[in-house]
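# A structural walkthrough
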Amino acid sequence: YEPFYKVVAKDFKREKTYFDIDVIVGEIKAIEEDVRKNGLYDVVMCEAVLNSTISKKMELYVIATCNSLMRDDGVLYISSRSLKRIMQMASTNEKSKTATDESKRVFELDENGMYLSYRKGHYTSQKYHDETRLKETLLEFFEEVEQRKARDTSASGLFFECRKPRKLNNEYLKEVLSEEFNMEYPNNYRHNQHEGLVEALLEENKKRQD
């Protein structure tokens, strides 16, 4: 599921970028159909999403959504960017640091681990996680959380395996899923095609909890 599926097209010899809402809604409908036919998932993967959340609230929404997609005996593989690793790189690898500074005009990490950069006329932000704190957050949603180490010792990612999804309050879960599958787009636009999937997931989570 990609809520910000982008298309680059040429319009009068100019490039134009836009969100393809039809594709996004199509993915939502496909998940709904699959859940209604087959139930929740044995395996859920969430790669490079947590590091793109812009607030703690949205970070928790992503994790709660992953929880809601899993069978009771399912497994979640989830990743983010390592705060420890980027701090090591910044303090010990001057060559890498300089190259990064020149290409992205890097700004300082803020107190929440958000990293702001400017590149090609655009500001972007990424969240870097402390591995202990991220594990504590994941344990709020899963009974079993185990960190998996990357084979590549230079990897800047954090990887966790989560099992036994905890029971979530129904009203909270409805709020989470409604936001996750009906995100706001430019000009306050929402597609409002999410209700079927939200209903299907709520039904399956009730069965899981019973």
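These notes cover the structure that comes with them. (Residues numbered from 1 in each chain as written. Predicted model: local features only at pLDDT ≥ 70, side-chain atom pairs only at ≥ 80, totals over all residues. Heavy atoms only, no water.)

Here we take up helix α7 (residues 195-209). Counted at 1.5 Å a residue, the expected span for α7 with its 15 residues is 21 Å, and the 21 Å between its end C-alpha atoms agrees. Buried residues of α7: Gly 196, Leu 197, Val 198, Ala 200, Leu 201, Leu 202, Glu 204, Asn 205 and Arg 208, and no others. Buried residues along α7 sit in contact with α1 (21-38), α2 (56-69), β4 (70-82), β8 (157-165) and α6 (170-180). (Helix = DSSP H or I, 4+ residues; strand = E, 2+ residues; numbered from the N terminus. Expected span 1.5 Å × (residues − 1). Buried < 20%, exposed > 50% of the residue type's maximum accessible area, 1.4 Å probe, protein only. Contact = heavy atoms within 4.5 Å.)

Time to look at the pattern of salt bridges. One pass over the structure, following the stated rule, counts 15 salt bridges. Salt-bridge contacts for Arg 36 lead to Glu 199; the nearest nitrogen and oxygen are separated by 3.3 Å. Here Arg 36 is found in helix α1, whereas its partner Glu 199 is found in helix α7, with 163 residues between them in sequence. The exposure class of Arg 36 is partly exposed, given its relative accessible area of 40%. Here Lys 207 and Glu 204 are joined by a salt bridge, their closest N and O atoms 3.2 Å apart. Placement of the pair is Lys 207 and Glu 204 together in helix α7, with a separation of 3 residues, close to one helical turn. (Salt bridge = Lys/Arg side-chain N within 4 Å of Asp/Glu carboxyl O.)

Here we take up a nonpolar patch on the surface. On the surface, a cluster of nonpolar side chains totalling about 310 Å² of accessible area is made up of Val 43, Met 45 and Tyr 77. Tracing the chain through its elements places Val 43 in strand β3 (residues 41-46). Since its relative accessible area comes to 45%, Val 43 is described here as partly exposed. (Patch = residues over 30% accessible without salt bridge, like charges linked within 9 Å, V, L, I, M, F, W, Y side chains within 5 Å. Areas by Shrake-Rupley, 256 points an atom, 1.4 Å probe, with all protein chains shown as cover.)

Following the criterion strictly, the structure yields 6 aromatic pairs and no others. Judged by centre distance (5.0 Å) and plane angle (50°), the rings of Tyr 1 and Phe 181 are tilted. Of the two residues, Tyr 1 is situated in the segment before β1 (6-11) and Phe 181 in the loop between α6 and α7; the sequence distance between them amounts to 180 residues. Assessed through its relative accessible area of 36%, Tyr 1 is described here as partly exposed. Overall, Phe 181 belongs to the buried group, its relative accessible area being 2%. Through successive ring pairs, a cluster of aromatic residues spans Phe 4, Phe 19, Tyr 185 and Tyr 189. (Phe/Tyr/Trp six-rings, centres within 6.5 Å; stacked < 30°, edge-to-face > 60°.)

On to the nonpolar core, then. The biggest cluster of nonpolar side chains holds 40 residues, and the ones touching the most others in it are Leu 76, Ile 78, Leu 138, Phe 142, Phe 160, Cys 162 and Leu 201. With 7 residues, the single largest contributor to this core is α2. Contact partners of Leu 76, with chain neighbours within four places excluded, come to Val 44, Cys 46, Cys 66, Met 70, Phe 142, Phe 160, Glu 161 and Cys 162. (Core = buried A, V, L, I, M, F, W, Y, C linked by side-chain atoms within 4.5 Å.)

Bringing α2 into the picture now. The end-to-end C-alpha distance of α2 is 20 Å, a good match for the 20 Å that 14 residues give at a rise of 1.5 Å each. Of all the 14 residues making up α2, 11 are buried; the element is thus mostly covered by neighbouring parts of the structure. Every buried residue of α2 is accounted for by Met 58, Glu 59, Tyr 61, Val 62, Ile 63, Ala 64, Thr 65, Cys 66, Asn 67, Ser 68 and Leu 69.

Axis separation between α2 and α7 bottoms out at 9 Å; the angle between their running directions is 65°. Of the possible angle classes, the one that applies to α2 and α7 is roughly perpendicular. For the pair α2 and α7, contact is made by Asn 67, Ser 68 and Leu 69 and by Leu 201, Asn 205 and Arg 208, respectively. (Axes fitted to C-alpha atoms, helices over the stretch in contact; angles between N-to-C directions. Parallel < 35°, antiparallel > 145°, perpendicular 65-115°, else oblique.)

You can see Asn 51 is positioned in the loop between β3 and α2. By relative accessible area, Asn 51 is classed as buried at 3%. With near-sequence residues (within four places) excluded, Asn 51 lies in contact with Ser 79, Ser 80, Arg 81, Ser 125, Gln 126 and Lys 127.

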